[in-house]
Every structure is written in structure tokens, then in C-alpha cells.
Amino acid sequence: MGSRLPADCLRVIFEFLQDHTKSLHSFLLVNRLWCETTVPILWRNTKNWLLSDKSTQTLFTTLLSCLPEDSKKLLSDNGIIIPPPTAQPLLFEYAAFCRRLSYNDINYVIDGAIGDRRLSNSRKLYSKHLIKQEMFRMFLTRCSTIEFLDISDRKNTDVPLPYFTGAETSFLHLCELRCNTEIPSSIFYRMAQICRNIETLFIGYYPFDNEGLATLIEVQEKLKNFECQSQIRNTEYTEYTEYAEYTTLERPPKPPCKNIASALSTCSNKLINLAFGGDIIIIPSSTIAEIANLQVLRLDFNRNLNEEILESLEFTALPNLKILKMGGILAPLIMLGRLIRRTRNNLEKISLYGWATPETKSIGIFNKVVAQYAPKLKYLTTWCYENNFTDIELILNSCDQLEGLTIRTLDNQLDGDILFEMLGNLNNESFSKLRIAGVWAFTHEGLKKFFEKRKEKKKKKSFSLYICDCYDEVDSCIEITKSHMKIIDKYKADGVLKNFKIEYDFTGDF
């Protein structure tokens, strides 16, 4: 039956399954049409290669066979033998399908393939360099469009991609870039001449200012998403070592990346998504305040840096903010509540997945603020500290679009049966996902009553239940017995329960 479907229909179906790498690999074996339709999708992203069952040696040999003849001759002249992957010629020009190119992935394949060869260290390094050079040259000459480029690996400067022949064409429509600030400014200057359509920019590793990167940011016409995850390392530079002693300072030093911060300010009318995290604040909080159309803000800092940023934003209105996410060490709930008040009732998601032990009084205030100032909320992370759950009921009645709720506890055990009884009596049609994290106890009878009530009310949406039992939570302890699982399996079979999962990593997202 599958072979009768036209290629266009197959392509639409396979595109929908582009993240299901194992399924796509199985399609290769169905017939020639399925194979011809699947190969361009699989080879579009270098990540897919590493998720396949093929060994790095097989991938390496295939890529070498795709090289142009002059590259093969160059490698051969330098003692690098290129064996054919099969007795037959290659069916496809695999490299030409690539749209998402990662330096890390290519480097991994090369290292895995020649890492164990008996070569002197200097000879091995030279061979690897030549192979990388010719492989990347091949990608840039064969690929008409590279949409995603990852050069965040700190060792990538040995291959100056923007200067290769073909870069002017391949990178012209680049829309996502992952990089680091240790890349020479000259690389970014060259990219600034080519790339003007970057929409998403990620900066990783260590917090050095970079004038070339600042220039690249300034010339972008469509930059919407910016993320920086910074780290601190032992360094001789005093301006960075003082950050390692941040907790001993009365006032924090100025953020180190003033050129990058200035460049972001020039994009303030275009940016809608900001994410910062790690060990250090690289740009002043005033830059965040300048982003007039900010819709997504994610902060994931260690120590008390999340709190520092919120404190500096105390008098900043964020009328377009829809998503607020925070990890690392959470800012106090009182400060988060004040931020929510300044979002003009537009918040749709509050995800708090970092470490915190909030005071009971602040939990109650936070929940009431959410109920009053976030009527469009669809997903929420919050806390409970007592068994009447009146705050949760208030939120669910006030936020009638709420779909998913994560409830965390303090170190006292809460009665899940009372929670399930309250949830079963609600008439909120949108609510269909619950995660409980921390210290809970509930019986299989209480769970059964809850599912029966949803079944009786003929809820349109099946329910999803997530039990978070991870080390991030204080004394996290939720016991799921065979009796619980029997009830869960029954209502999954009945269609009342869609998903049930015990999680060991708390992310705050569904």
C-alpha cells in the first residue's frame, strides 16, 4: 500500500516525522521510492547521522566518498587512503542535502574514525585537519543553503568556514547560529558581510567581549531570539576572577560584554525572545529593559543572579511578555509576583524549574497574584504548603485557559487525595495535565474517584499525569504501588488517561 502513495504525499508524511530518526531509517528499506524520499530528510541535519545505527567509520567513509576529486587527490597525496563505501557507486550526493551543519558533529565523526589509527600525534593532527578542511569545503560548495550552523565548539577556529569558497551562497540565508565569544573577530566580520537574516543566536562558554560578534549582531535584520549561557573558569584576567568571588562583593562588577550589549540594544525593536544563564551576567539588565516587544524571558543563573536581574527590572513594564521561565536558583516568589503584575495580563506560561524553598506566606501571595494578573495562563508552576488547596482552586477558576499545572511542595507531605477530589469537582474544560513534585501521598482509591469523575463529566480532553521523583526536590518521595498502576492502566485503556509518566528530571515543561 505504501508504495502506491505518490512521492509528494510521502514527503509530507516523512517531514512530519523528521524528528523520529529511527522510523526514518526503517523507511530506507521499504522500497526505492521510500528511500529516495527519506534520504534528503535524514541527511538534512548532521545530528541525525549520530543518532543512526551506522558506525562513525561508515559515516566517515561515506562522507569521504562524497568529496570532489581534487579533495580526494589532496588527501591521497598526503597518505590518507579513501576506501569506497561499497562496490557500487553512491546512490546519492548525500552532502548536498545538508541544511543543519554542526562543527561538533563532523569533528566527532572524524575523531571516531581515525582516532585509533597508528599514526604519530603530529601526523594524526595534520590528517584530521586536512580531512576537516576538505569536508567543510565540500559542504559549502555542494549545499545551496545552510539554515543552521553550530560553531560553538571552542576548537573550531582551525577551519575558517566563512572564508571558504561557497560560503557567500551557503550562508546567505543562515537563520540560526550557535557560537562562542572566543572565536576571532575576523570570522564574525566575514560573516557580517554575508549573513543578514539570522533569527536565532546562541552564545556559549566564556564571557569575553567580541567586537566582531557585536558587528554581526548589529547588521542583522531579523534577529528575534538571543540566548547566552556563560561559564567561569580559572583565568589570569582579574575582571573575570572577581566574578568567582561574587558572593563576597558588596556590589557586583560591571558586565564584561559591553560591545555585545550595545549591539543588542540596536536590535531592541526586533528581539522577542531572551535567555540568559550560567555563572555570570554578561550584559547589563538595562538592555533587557530596552526590549520593547519582549515575549519570552528565560533566566537560568547560579547563585542569586536571577534575583539581581529581577531587582533591576522592578520599574520596567513588560506588557507583551507571554512566557516566563526560570531555573538555577529562583528569585523570591514575591519578586516574581511583582513582575507578573507588570505583564498587563498577557502571560501564558510560568515555568519555575530551579531550586527554591519559598516561605509559606510568599506562596499564598504568589498564587493570588497569578489568579488575578494572569487570566490567559495556559501553563503554571507553583507551590502548595497545606492540604486545603484553596489557592489552586482559585487559580483554576480564574485562569479558565489553564491546561497544565505543576505543583511543588515544601518539606511537608501533602495529601494527594484531597487535591484529586478538588480537581474532580472542577468544571475547567481546558485543564488536562498535572505534575506533582516533592512529598506527596495518595491512595489508589483517591485516584480512581478522580478518573471516574472525569469520565462521568465526559471531558473532551484525556488527562495526563506526571509524577516527578527527582533529586532537585527536597526529600522528593512519591510512592506508586501496583494498586496505583492497576488503576492507571485501566483508565488508560478506557481513554480517560492519555499519558502517565514518572519523571526523574524536573524541567517544568510538559
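None of the values given here were measured: they were computed from a predicted structure.

## Regarding helix α19 (residues 416-425)
Looking only at α19, the buried set comprises G416, L419, F420, M422, L423 and G424. Among the residues of α19, the N-terminal cap falls to D415, whose side-chain oxygen and the backbone nitrogen of D417 are separated by 2.9 Å.

## Re the nonpolar core
Core analysis: the biggest nonpolar cluster contains 147 residues, and F139, L177, I217, F226, L423 and L434 have the highest contact counts within it. If one sorts the elements of this core by residue count, helix α8 (residues 121-142) sits on top with seven residues. Setting aside anything within four residues of it in sequence, one finds L423 in contact with L396, F431, L434 and F450. Formed by five residues, the second largest nonpolar core is a distinct cluster that contains A437, C468, C470 and F506.

## Comments concerning the environment of S483
Mapped onto the secondary structure, S483 falls in helix α21 (residues 482-493). Separated by 38 residues in sequence, S483 and E445 place their C-alpha atoms 9.0 Å apart.

## Brief notes about unusual backbone geometry
Phi is positive for R303, close to 50 degrees, though the residue is something other than glycine. Within the element layout of this structure, R303 appears in the loop between β7 (296-301) and α15 (305-312). The phi dihedral of N345 falls on the positive side, at around 65 degrees, and the residue is not glycine. Summarising the element assignment, N345 is placed in the loop between α16 (333-341) and β9 (349-352).

## Thoughts on the pairing of strand β11 (residues 404-409)
In terms of residue burial, β11 counts as a mostly covered element, since six of its six residues are buried. Going residue by residue along β11, you find G404, T406 and R408 tucked away on one face and L405, I407 and T409 tucked away on the opposite face as well. In terms of handedness, the path from strand β10 (residues 379-384) via helix α18 (residues 390-398) over to β11 forms a crossover that is right-handed. Where β11 meets strand β13 (residues 433-437), five bridges bridge the pair, whose relative direction is parallel. By the bridge assignment for β13, R408 is matched with A437.

## Overview of the side chain of S362
Among the structural elements, S362 can be located in helix α17 (residues 360-373). What makes S362 buried here is its relative accessible area of 9%.

## Section: the confidence of the model for the chain
Overall, the predicted model of the chain reaches an average pLDDT of 87, with 90% of residues at or above 70. In the predicted structure, residues 235-252 sits below a pLDDT of 50 and forms 25 contacts with residues beyond four places in sequence or in another chain.

## A short note on α18
Along α18, the positions that sit buried rather than exposed are D391, I392, I395 and L396. One face of α18 carries all of its buried residues, which in axial projection span an arc of 130 degrees. Structurally, α18 contributes buried residues whose contacts are with α17, β10, β11 and α19.

## Details of the side chain of N78
In this fold, N78 is placed in the loop between α6 (69-77) and β1 (100-102). For N78, a relative accessible area of 16% gives the class buried. A distance of 2.8 Å separates a polar atom in the side chain of N78 from the backbone oxygen of L74. Beyond its immediate chain neighbours, meaning those up to four positions away, N78 contacts R123, Y126 and L130.

## Digging into the pattern of salt bridges
Pairing between side chains of opposite charge can happen when their charged atoms approach one another. Taken as a whole and assessed by the stated rule, the structure comprises 21 salt bridges. Among the ionic pairs, D391 bridges to K368, the shortest N-O distance being 3.6 Å. Of this pair, D391 sits in helix α18 while K368 sits in helix α17, placing them 23 residues apart in sequence. With relative accessibility at 47%, the residue K368 sits in the partly exposed group. Salt bridges linked by common partners bring E314, R338 and R342 together as one network.

## Describing the packing of aromatic side chains
Counted according to the given criterion, the structure contains 17 aromatic pairs. When the ring of F14 is compared with that of W34, the centres are 5.2 Å apart and the planes differ by 65 degrees; the resulting orientation is edge-to-face. Taken together, the residues F14 in helix α1 (residues 7-16) and W34 in helix α3 (residues 32-42) connect sequence positions 20 residues apart. The residues F14 and W34 share a single accessibility class, namely buried. The rings of F420, F431, F442, F450, F451, F463 and Y491 are connected pair by pair, giving a single aromatic cluster. It is K349 that lies over the ring of Y379; its NZ or CZ is 5.9 Å from the centre. Between R435 and the ring centre of Y466, over which it is positioned, the NZ or CZ distance is 5.5 Å.

## A few points about the packing of helix α10 (residues 185-194) against helix α11 (residues 211-218)
At a minimum axis distance of 7 Å, the contact between α10 and α11 shows a crossing angle of 15 degrees. Looking at the two axes, α10 sits roughly parallel to α11. The handedness of the crossing between α10 and α11 comes out as left-handed. On α11, the residues that touch S185, F188, Y189, M191 and A192 of α10 are E211, G212, L213, T215 and L216. In terms of residue class, the contact of α10 with α11 is made up of six nonpolar, three polar and one charged.

## A closer look at the pairing of β9
For a regular strand, side-chain orientation follows a simple rule: the groups alternate between the two sheet faces. Side chains K349 and S351 of β9 all project onto a buried face; the interleaved residues I350 and L352 project onto the opposite face, where all are buried too. Pairing of strand β8 (residues 323-326) with β9, which is carried by four bridges, proceeds in the parallel orientation. When the bridges of β9 are listed, I323 appears paired with K349. Between β8 and its parallel partner β9, the chain crosses via α16, and the hand of that crossover is right-handed. Handedness of the β9-α17-β10 crossover: right-handed.

How each quantity is defined
Starting from 1, residues in each chain are numbered consecutively following that chain's sequence as written. The predicted origin of the model limits local features to residues at a pLDDT of at least 70 and limits the giving and counting of side-chain atom pairs to 80 or more, whereas totals for whole chains, interfaces and linings rest on all residues. As a rule here, side-chain values cover all heavy atoms of the structure and leave hydrogens and water aside. A simple rule labels every residue: compare its accessible area, found with a 1.4 Å probe on the protein chains alone, to the largest value its type can have, and call it buried under 20%, exposed over 50%, or partly exposed in between. Helix and strand assignments follow DSSP, with helices taken as H or I runs no shorter than four residues and strands as E runs no shorter than two, numbered in order from the N terminus. Whenever two N or O atoms come within 3.5 Å, that pair is a polar contact, provided that in protein one can donate a hydrogen and the other can accept it, and provided that, for residues adjacent in sequence, both atoms are side-chain atoms. Among buried residues, the Ala, Val, Leu, Ile, Met, Phe, Trp, Tyr and Cys ones that are joined through side-chain atoms within 4.5 Å form a nonpolar core. Whether two residues are in contact is decided by their heavy atoms, any of which lying within 4.5 Å being enough. Looking down the strands as they point away from you, a crossover is right-handed if its path from the first strand over the helix to the second goes clockwise. Only strands joined by at least two bridges in the DSSP assignment are considered to pair. Note: pLDDT gives the predictor's confidence per residue, expressed from 0 to 100. To obtain the arc, one takes the directions from the helix axis to the C-beta atoms. Salt bridges, as used here, are contacts in which a Lys or Arg side-chain nitrogen is within 4 Å of a carboxyl oxygen on Asp or Glu. Geometry of aromatic contacts follows a simple scheme: Phe, Tyr and Trp rings, the Trp one being its six-membered ring, pair when their centres are within 6.5 Å, and the pair is stacked under 30 degrees between planes, edge-to-face over 60, tilted otherwise. Two conditions define a charge sitting above a ring: the NZ of Lys or the CZ of Arg must be within 6 Å of the ring centre, and it must be within 35 degrees of the ring normal. Axes here refer to lines fitted to C-alpha atoms; in helices the fit is confined to the stretch in contact. Angles between the N-to-C directions go from 0 to 180 degrees. Should an angle lie under 35 degrees it is considered roughly parallel, over 145 roughly antiparallel, and from 65 to 115 roughly perpendicular; all remaining angles are considered oblique. In a left-handed crossing the near helix is turned counterclockwise from the far helix by less than a right angle, and in a right-handed crossing that turn is clockwise. Residue polarity follows a fixed list, in which Ala, Val, Leu, Ile, Met, Phe, Trp, Tyr, Cys and Pro are nonpolar, Asp, Glu, Lys and Arg are charged, and the others, Gly among them, are polar.

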